[in-house]
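The residues making up each chain are set out below.
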Amino acid sequence: MFSFINYIVFAASLEQELYDICAKNYDYEEAVTNNLTQEQFQTKVTLTVKNLLSQGADPNWSSKKNNGYTALLWACHNGHVDAARALLAYSANIEACLNNEGWTTIHLACCRKKGDIIKLLIEHNVDIDKRDKKGNLPIDLLKDQNYIAQFHGDIVKLFNVTK
């Protein structure tokens, strides 16, 4: 018989697995040990996220010891666009915030220069005017003019800011 305690352990393990897969970054282990291209790795992350969400994993779960990171914050940090899209479809908190910096999903995406994530978040109406604990707007974390000019000048337009 499946007890309430078993359900809690099962649910917590789903959330931890969801958190862990979003926290993974494409690295040597994935490239060499698992023989995955970056595209295959992204597909693996997305399929795992969708599977866990369909099993009932809470997209907003965060343990007390991880500084407030949620699966969506990790997906934004690591550039997992399709995983982030799936998390948002399951009502992940787009305004989730890291405890020590006060960074939201958009702050992380801007800091890490994840253009596709930035676009996705803006399409989902993330608050682009929220300041972190140091008073920085998300766009302030993106102001690397070489990056903007070479790769994502269109992102600046999304923020309604001129160079």
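Residues numbered from 1 in each chain as written. Predicted model: local features only at pLDDT ≥ 70, side-chain atom pairs only at ≥ 80, totals over all residues. Heavy atoms only, no water.

## Examining the nonpolar core
- Counting 44 residues, the largest nonpolar core has Leu18, Cys22, Val49, Leu87 and Leu121 as its most contacted members.
- Elements supplying a minimum of two residues to this core: helix H1 (4–23), helix H3 (38–54), helix H4 (71–78), helix H5 (81–89), helix H6 (105–111) and helix H7 (115–123).
- Setting aside residues up to four positions removed in sequence, Cys22 forms contacts with Val49, Ala71, Trp74, Ala75, Asn78, His80 and Leu87. (Core = buried A, V, L, I, M, F, W, Y, C linked by side-chain atoms within 4.5 Å. Buried < 20%, exposed > 50% of the residue type's maximum accessible area, 1.4 Å probe, protein only. Helix = DSSP H or I, 4+ residues; strand = E, 2+ residues; numbered from the N terminus. Contact = heavy atoms within 4.5 Å.)

## Topic: the packing of aromatic side chains
- With the rule as written, the count across this model stands at three aromatic pairs.
- When the ring of Tyr19 is compared with that of Trp74, the centres are 6.4 Å apart and the planes differ by 85°; the resulting orientation is edge-to-face. A residue pair is termed long-range when its members are at least 10 positions apart, and Tyr19 in helix H1 and Trp74 in helix H4 qualify at 55 residues. Here Tyr19 matches Trp74 in class, with each residue buried.
- Since its relative accessible area comes to 17%, Trp74 is described here as buried.
- Every member of this aromatic cluster is reached through a ring pair, and the members are Tyr19, Trp61, Tyr69 and Trp74. (Phe/Tyr/Trp six-rings, centres within 6.5 Å; stacked < 30°, edge-to-face > 60°.)

## Here's the deal with the pattern of salt bridges
- Going through the model one piece at a time under the given rule, you end up with one salt bridge.
- Across the pair Asp82 and Arg85 runs a salt bridge whose closest N-O atoms are separated by 2.7 Å. Linking Asp82 with Arg85, this pair stays in helix H5, spanning three residues, or about one helical turn.
- By relative accessible area, Asp82 is classed as partly exposed at 43%. (Salt bridge = Lys/Arg side-chain N within 4 Å of Asp/Glu carboxyl O.)

## Structural notes on unusual backbone geometry
- Phi at Lys113 is positive, roughly 55°, even though this residue is not glycine.
- Along the chain, Lys113 falls in the loop between H6 and H7.
- Taking the relative accessible area as the measure of exposure, Lys113 reaches 25% and is therefore partly exposed.

## Regarding the side chain of Glu15
- On the secondary structure map, Glu15 appears in helix H1.
- According to the relative accessible area criterion, Glu15 is buried, its value standing at 7%.
- Apart from the residues within four sequence positions on either side, Glu15 is in contact with Gly56, Ala57, Asp58 and Trp61.

On their own, these measurements won't tell you what the molecule is for.
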